[in-house]
Amino acid sequence: MNRLSGKTALVTGASAGIGEAVARRLAAEGVHLVLLARRRERLEALAAELGSTRGVRVSAYPVDVRDRGGIQIVAQHLESQGVEIDILVNNAGLARGLETIQEGDLDGWDEMIDTNVKGVLIMLRTFVPAMVKRNRGHVVHVGSIAGHQVYPKGNIYNATKFAVRAINEALALDLVGTKVRVTSIDPGLVETEFSEVRYYGDADRAERTYAGYTPLSPADVADTIAYVTNLPDHVNVLDLVVLPTDQRNVYVVHKEGV
Ligand SMILES: NC(=O)c1ccc[n+]([C@@H]2O[C@H](COP(=O)([O-])OP(=O)(O)OC[C@H]3O[C@@H](n4cnc5c(N)ncnc54)[C@H](OP(=O)(O)O)[C@@H]3O)[C@@H](O)[C@H]2O)c1
């Protein structure tokens, strides 16, 4: 049964990877979309494609989730257009570097904390009040298995994803008594641009992350988001860990031939 058709979802980080796959999957279910990310061309191309092939309304906002003022302008514009957000997918995020804390790069730390934690909070503070007012809606965080267990040199990225899990649980408590649902989808290894971003464009090193086993695809993660958001209103999945079969915890991965 399709309970999603006709709803509107806002997806952050929709220009690539998991966010793009979520946009594609939800559009296929008849969900209207508001897409956010920094890379304008990619975002606008995706919006044009999904608008024409899926017959849903798609708007694209090239904006940084760290930019409070920019997010405020997006919210005001949506309000002026009469757009109500039924599903907020807080997906934009990144890792920078893989070093010990004692050798870590402070700029990378700022980027991770400001995007993965403060960006998520800015989105919640901006879009959750209208959900409370309407007494309906669904917030989906894209957390990580890295928010359940620390791995060597994962340190600050782990800390941001532990924070996302805490924020997810805290929001669920803060919204008690409302019909607004709150979910964290926590994937293991997913083959996206994530590792290339982590290694500052080193494509060879990034490729090695996914060698010797079958990682999740962005579409696998999008499927789980379509599943939880399509459940009946009285059912809320609080936290869902999704791993490739070859991965058993955050750092135990069965690899062959590498
Ligand atoms: N890949 C994995 O193995 C994995 C596993 C577990 C969880 N995750 C989580 O999944 C989420 C998506 O990552 P991904 O794997 O799909 O990586 P990705 O392919 O690099 O995509 C990241 C997306 O986030 C956007 N983004 C990054 N910083 C942003 C900012 N400041 N403002 C707005 N948008 C921003 C990027 O777009 P622009 O660059 O155009 O802004 C891009 O669309 C992240 O939260 C990540 O932590 C990933």
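Above this text sits the structure in question.
Residues numbered from 1 in each chain as written. Predicted model: local features only at pLDDT ≥ 70, side-chain atom pairs only at ≥ 80, totals over all residues. Heavy atoms only, no water.

Participant: Looking at this structure, I do not really get the side chain of S144. What am I missing?
Facilitator: Position of S144 relative to the elements: it lies in the loop between β5 (138–142) and α5 (155–174). Here S144 falls in the buried class, since its relative accessible area comes to 8%. (Helix = DSSP H or I, 4+ residues; strand = E, 2+ residues; numbered from the N terminus. Buried < 20%, exposed > 50% of the residue type's maximum accessible area, 1.4 Å probe, protein only.)

Participant: Would you take a moment to explain unusual backbone geometry for this structure?
Facilitator: Comment: phi is negative for the bulk of residues other than glycine, and the bulk of peptide bonds are trans. Even without being glycine, N135 reaches a positive phi, approximately 55°. Tracing the backbone through its elements, the reader meets N135 in the loop between α4 (106–134) and β5. Here the phi dihedral of Y200 falls at roughly 50°; this positive angle occurs in a residue that is not glycine. In this fold, Y200 is placed in the loop between α6 (194–198) and α7 (203–209).

Participant: What is the right way to look at the sheet that holds strand β1 (residues 8–12) in this model?
Facilitator: Strands pair in a sheet through their backbones, by hydrogen bonds, and they do so in one of two ways: parallel or antiparallel. Within the open sheet, the seven strands sit side by side as β3-β2-β1-β4-β5-β6-β7. Their pairing is parallel. Every other strand in the sheet has two partners, leaving β3 (58–62) and β7 (239–242) as the edge strands with one partner each. Pairs of neighbouring strands in the sheet enclose a mean axial angle of 15°, with direction left out of account. Inspection of the sheet shows β5 paired to strand β6 (residues 181–187) by five bridges, in the parallel sense. Pairing of H141 across the sheet is with S184, part of β6. (Pairing = 2+ DSSP bridges. Axes fitted to C-alpha atoms, helices over the stretch in contact; angles between N-to-C directions.)

Everything listed is a geometric property; what it means functionally is a separate question.
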